[in-house]
Structures are given as C-alpha cells and as structure tokens.
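The lines below spell out each chain.
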Amino acid sequence: MPTFEYAPAPESRAVVDIASSYGLFINGEWVDGHGTTFKTVNPASEEVLADIHEGDASDVDLAVKAARTAYSRVWSRMSGADRGKYLFRIARLLQERAREFAVLESLDNGKPIKETRDVDIPLAAAHFFYHAGWADKLGHAGLGPDPQPYGVVGQVIPWNFPLLMLSWKIAPALATGNTVVLKPAETTPLTALLFAEVCQQAELPPGVVNIVTGARETGQAIVDHPDIDKIAFTGSTGVGKMIARSIAGTRKGVTLELGGKGANIVFDDAPIDQTVEGIVRGIFFNQGHVCCAGSRLLVQESIAEEVTRRLQRRLATLRVGDPLDKNTDVGAINSRAQLDKITQLSEAGEAEGAQRWDNGCPLPDKGFWFRPTVFSGVTQTHRIAQEEIFGPVLSVLTFRTPQEAVAKANNTPYGLSAGIWTDKGSRILWTADQLKAGVVWANTFNQFDPTSPFGGYKESGYGREGGRHGLAGYLKGSN
C-alpha cells in the first residue's frame, strides 16, 4: 500500500530574537565576562547563533558575592509565602513565553520542536508552580520543624535538557530559601540566558539568581569556591566523580545526578504494540540524549523475534530532520564531539559481533545527525551493553526467566532507571523490588512529574530531585 508523506510544517523563528552576543547575568545585571568568548551553534545546520562570554574565577567570585549578599540581606529574611509569589510569577512568565522558549531550545539544542513545546517547557513551568507551593510549607514536609537552607548553591547543568534541568535546580533551591550561581552547558546556554530575562521581568531581587556561562574551567571555579555551601550537578559520571573528590573534606553539601544504562525489560505477556511504543520513547526520545534512557532492551526469548520485527517496522516510520518541523521525531545530535562518541561506540558494537540495523533514512548534508539504530545479538560483555552511549542507539539482549532478566539488568555500574513490561501486577512488584535502580517505570517509560523524586544509585549518583524528597537536598541536615 502507498504511504502518505508529511508536508513540511516548520515553526517560525520569528518569535525569537537572538542577540549577537551575550554577557553574564550577575546581581540582576548583564556584565561582560573576563574570559574569552565562544560560539554557540545550531547543531542541525552548524549556523552560529551567538557569541557567549566565558566567566572566569573572578566572575564566579562576583556572582557568589552577589548571591551571598542577596541571601543574607533579602532572600533568607523573606517569608516563604513571599518567596513563593516570585516562583509563581516565574512559572506564569514561562508559560506566557513558552513558544519563544520552545523555538530557542530547538535551535540551540537540536531537539524536535514538538518535544520542547510539549515536554521541556511545560515541565519547566510545572516545576516552578510545584515548588512555589512548597515555599511556605517546608515545616510540614517531614524534614524537621524548622528546616534551614544551605545559603549559596552552585549549580552546573547539562546540555540535553537545558531549561528543564535549570528548573529542576533553581526552583527547589529558591523555594527552600537558597540563592543560586548556575552554569549552563557551553553548547546550550541560550535558554538559560533568556531565563535571566524572565528573572528581571519577574522583578526577582538582584543576586538571587546568577548565571555564569563558560566551559569546564568555569564549572570548576564554582565547585572550588570557598563561599559556596552546596553543589548540585547533573552530567556525566566521570565529572561527578571529579566533583566528589574536589569537595571531599569540605563543609559543602552535594547532589549528583549522573549517567545511566537503563534496562527496559519485556516479559512474554506484555502488550506488544504498547511496549514497542514505550521502547521507542525510552531510547529515541531526545535523540537518546537522556541519562535514564532505556538503552538496553531485555526481551524474553519466546517473543524476541516478534518484538524485533515490530520494532523494525516502527523504526521505519520515524522521521529524522529539521528540529523546527513539527513532524520531526528525531532531531540533531547536540555537537560534533557527541556525534563522534556515538559513532565510535556503534562501530565498536559492529566490531564485537553485534548485528546493526537502522531505518536507512536520508540525513541532511549539514549538521550533526545519526539514524535511530538498533543492535541485536548483543551480549553482556559488549561495550554497547556496558557504556553509556547517550545517543539513539538501542542494544537488544534476551532472557529466559525473570531471575535472569534481573541479573542482566543489574549487571552494570549504573543504577538510574529501568522499565518493566508485563500484564501481571505481581511480576511488576517483584521485579521492581529486585532492580537496583532509582526510578522504575511499569508499562511506560520516560514519564516525569515534578511531584515525583528522581535520582539513582551506584555510579548514577546520589540525592533526589523533585517531589518532597528533592527539597531535602537544599536544606541543611535533611540529606
């Protein structure tokens, strides 16, 4: 039967006004950084979007001093109800400017507009709404009768969910009475800088939120600053270990949300069509740039052939291309460096004997692109089954018994996420209890809500973000 092609449905760039260059946001004002400038590019076209100032140690020091002053003179003295009003105001402004943020996120990150429009921006606003409600109720959160904030919090966020990770960090920090110095990822700083405009528009007191752009050296200056009371980091396990070593022996608190190699376990009684959709969402959502992605598919042997066949058929329908096209399912890889890593690990999978297949779709001439890819015949010893690829690459393994599924799922240094697909509630509960993962989804995957805590075990970090448990990470003595 003939297939119908989708006509292009591009979102307009006209809703976004990108400046030619951006400085740092310190003490409520824009200032030039003392470091060099660097460029942020559109990964779908390699077009330079803006020049970004890099903050050095002196800029971080200015930001920390501004945050300390704001904390001691204004924010810590303000009632929780009044702090909550600012968070509610920020949440409403994010909703009012949602289209602008969604387009800018797609341009700077490469993810499809339908994801930024329907997931990233609404969830970012929801985190501010949710935490605004907690601001005057902290004494009733089960965290002690009079919980106290740390003070000044240094936050470093990744490039895969730039605005959403900012909201995960800033909303609970402000709700609990802390002030913030935040560094966005160097490849995706633009929505964080637009958020600084929202802080001004909301008339947030100067110094409560400071945004210092830069690369690894800037982040290290935040981690090392002696007047920062707590570090919150989301990113790779390697960098997380470096941060843990840097603050060892200091008084600083820390929350680390690191890498993952999530297992998606499919039992023989699972609803196949629903499961295939969950598999696709689990690994190809956001180009696989998800720390909790279901990058290891464990399928019971009796249905492995059928699941694989239906998965191949579903992959053929995925549309790869312009992130601003509303029909696009899979956008661009965020950077050349990340594309090289994905390519290298995929080549290693082939060299080690796994069978590779993809949907064979044409790729644009410019930009950083990788087809949604599946490896079958994968064993536990393959690098693609052990290392975090952080791209649209799925490894398929099989199992015979529930005990074998759990053993294979837990055979990884990570412990962030897992999924279970079965019709039996008792099997869901038994399996979830056996899995060493911080988040376990049942008959779904990659579902997030600000009321639910998120975090991992082992080399996936420690601490929780979201929900009542996430508040504890920003209150002294509550971790």
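Not measured: the values here are computed from a predicted model. (Residues numbered from 1 in each chain as written. Predicted model: local features only at pLDDT ≥ 70, side-chain atom pairs only at ≥ 80, totals over all residues. Heavy atoms only, no water.)

## Describing the packing of helix α9 (residues 272-284) against helix α10 (residues 301-315)
This is how it is decided: Interaxial angle, 0 to 180 degrees, is taken between N-to-C directions of lines fitted to C-alpha atoms, where a helix line uses only the stretch in contact. Secondary structure elements follow DSSP: runs of H or I of four or more residues count as helices, runs of E of two or more count as strands, with numbering from the N terminus. Angular relationships are summarised with four words: roughly parallel below 35 degrees, roughly antiparallel beyond 145, roughly perpendicular across 65 to 115, and oblique for the angles in between. A crossing counts as left-handed when the near helix is turned anticlockwise from the far one by less than a right angle, and as right-handed when that turn is clockwise. Working rule for contacts: check all heavy atoms of both residues, and any pair within 4.5 Å makes them a contact. Each residue receives one of three labels: charged for Asp, Glu, Lys and Arg, nonpolar for Ala, Val, Leu, Ile, Met, Phe, Trp, Tyr, Cys and Pro, and polar for the others, Gly being one of them.
Look at α9 against α10: their axes get within 10 Å of each other, and the N-to-C directions meet at 60 degrees. Between α9 and α10, the angle is such that the two are oblique. The interaxial crossing formed by α9 with α10 has right-handed handedness. Facing I272, D273, V276, E277, I279, V280 and F284 of α9, the residues of α10 in contact are I303, E306, V307, R310, L311, R314 and L315. Residue composition of the contact of α9 with α10, by class: nine nonpolar, no polar and five charged.

## Description of the packing of aromatic side chains
What counts is decided by this rule: Pairing of aromatic side chains requires ring centres within 6.5 Å, counting the rings of Phe and Tyr and the six-membered ring of Trp. Pairs whose planes differ by under 30 degrees are stacked, by over 60 edge-to-face, and all others tilted. The buried label goes to any residue with under 20% of its type's maximum accessible area, the exposed label to any with over 50%, and the partly exposed label to all in between, with areas taken from a 1.4 Å probe on protein chains only. Cation placement over rings: the criterion is NZ of Lys or CZ of Arg within 6 Å of the ring centroid and within 35° of the ring normal.
Tallied over the entire structure, the rule returns 12 aromatic pairs. Between F88 and F129, the aromatic rings sit 6.2 Å apart at their centres with planes inclined by 50 degrees, giving tilted as the arrangement. Linking F88 in helix α2 (residues 80-96) with F129 in helix α4 (residues 113-134), this pair joins segments that are 41 residues apart in sequence. On the basis of relative accessible area, F88 is assigned to the partly exposed category, the value being 31%. Ring centres 5.7 Å apart and planes at 85 degrees place the aromatic pair W441 and F448 in the edge-to-face group. What makes F448 partly exposed here is its relative accessible area of 25%. Taking the ring centre of F285 as reference, the NZ or CZ of R281 above it sits at 5.3 Å.

## Looking at the nonpolar core
In plain terms, the rule: Buried Ala, Val, Leu, Ile, Met, Phe, Trp, Tyr and Cys residues that are joined via side-chain atoms within 4.5 Å together make up what is termed a nonpolar core.
Judged by nonpolar contacts, the single largest core of 95 residues is most densely connected at F195 and L311. No other element matches helix α5 (residues 162-175), which puts 10 residues into this core. Ignoring any residue separated from it by four or fewer positions in sequence, one finds L311 in contact with V276, I279, V280, L297, W357, V374 and L394.

## A closer look at unusual backbone geometry
For E46, which is not glycine, the phi torsion reads 65 degrees and is therefore positive. Mapped onto the elements, E46 comes out in the loop between β4 (37-42) and β5 (47-53). The class of E46 is partly exposed, set by a relative accessible area of 38%. Phi is positive for F390, close to 60 degrees, though the residue is something other than glycine. Owing to a relative accessible area of 15%, F390 belongs among the buried residues under this scheme.

## Quick notes on the sheet that holds strand β1 (residues 21-22)
Filter applied, for reference: When DSSP finds two or more bridges between a pair of strands, those strands are recorded as paired.
Taken in spatial order, the three strands line up as β1-β5-β4 in an open sheet, and their pairing is mixed. Whereas interior strands pair on both sides, the edge strands pair on one side only; in this sheet they are β1 and β4. With two bridges connecting them, β1 and β5 associate as parallel partners. What sits directly across from Y22, in β5, is I52.

## Here we look at the pairing of β5
For a regular strand, the rule is simple: side chains alternate between the two faces of the sheet. Bridge count between β4 and β5: six bridges; the pairing is antiparallel. Bridge pairing links F38 to I52 in β5. Hairpin geometry of β4 and β5 is characterised by an intervening segment of four residues between the two adjacent antiparallel strands and by a positive phi of about 65 degrees at E46.

## Some remarks on the environment of K341
Quick reminder of the rule: Polar contacts, as used here, are pairs of N or O atoms within 3.5 Å; protein pairs need one atom able to donate a hydrogen and one able to accept it. Residues neighboring in sequence count only if both atoms are side-chain atoms.
When you line up the elements, K341 lands in helix α11 (residues 336-351). Exposure remark for K341: the relative accessible area of 32% places this residue in the partly exposed category. Distance in space between the C-alpha atoms of K341 and F390 is 8.7 Å, their sequence separation being 49 residues. When residues no more than four places from it in sequence are discounted, the contact partners of K341 are E388 and I389. A polar side-chain atom of K341 sits 3.2 Å from the main-chain carbonyl oxygen of E388.

## Looking at the environment of L258
Turning to its location among the elements, L258 is positioned in the loop between β10 (253-257) and β11 (263-266). Accessibility expressed as a relative area gives 5% for L258, which makes it buried. Spatially, the C-alpha atoms of L258 and A185 are 15 Å apart, while their sequence positions differ by 73 residues. Ignoring anything within four residues of it in the chain, the contact list for L258 reads F233, G235, S236, T237, G240, C291, L416, E459, S460 and G461.

## Section: the pattern of salt bridges
Filter applied, for reference: Salt bridge, as used here: a side-chain nitrogen of Lys or Arg that lies within 4 Å of a carboxyl oxygen of Asp or Glu.
Under the definition given, this model contains 28 salt bridges. The residue E11 makes a salt bridge to R99 at a minimum N-O spacing of 2.6 Å. Placement of E11 in the segment before β1 and of R99 in helix α3 (residues 98-109) is noted, with a sequence separation of 88 residues between them. Accessibility expressed as a relative area gives 13% for E11, which makes it buried. In this structure R99 comes out as partly exposed when scored by relative accessible area, which is 46%.

## Examining the packing of α2 against α4
One way to put it is that α2 packs onto α4 with a least axis distance of 8 Å and a crossing angle of 165 degrees. Relative to α4, α2 is oriented roughly antiparallel. Viewed along their axes, α2 and α4 form a crossing whose handedness is left-handed. Contacts between α2 and α4 involve G84, L87, F88, I90, A91, R92, L94 and Q95 from the former and I121, A124, A125, F128, F129, H131, A132 and G133 from the latter.

## Some thoughts on the sheet that holds strand β13 (residues 355-358)
Note on sheets: strands pair through backbone hydrogen bonds, and any given pair is parallel or antiparallel. With mixed pairing, the seven strands of this open sheet are ordered in space as β13-β14-β15-β12-β11-β17-β18. The two strands at the open ends of the sheet, each matched to only one other strand, are β13 and β18 (439-442). On average, each strand axis in the sheet is tilted by 20 degrees relative to the strand beside it, whichever way the strands run. Pairing of strand β17 (residues 417-421) with β18, which is carried by four bridges, proceeds in the parallel orientation. In the sheet register, S417 faces β18, and the bridge partner there is V439. Taken strand by strand, helix α13 (residues 402-410) contacts β11, β12 (296-300) and β15 (393-399), and its axis lies near 170 degrees from that of β12.

From the geometry alone we can't say anything about function, so treat these as descriptive.
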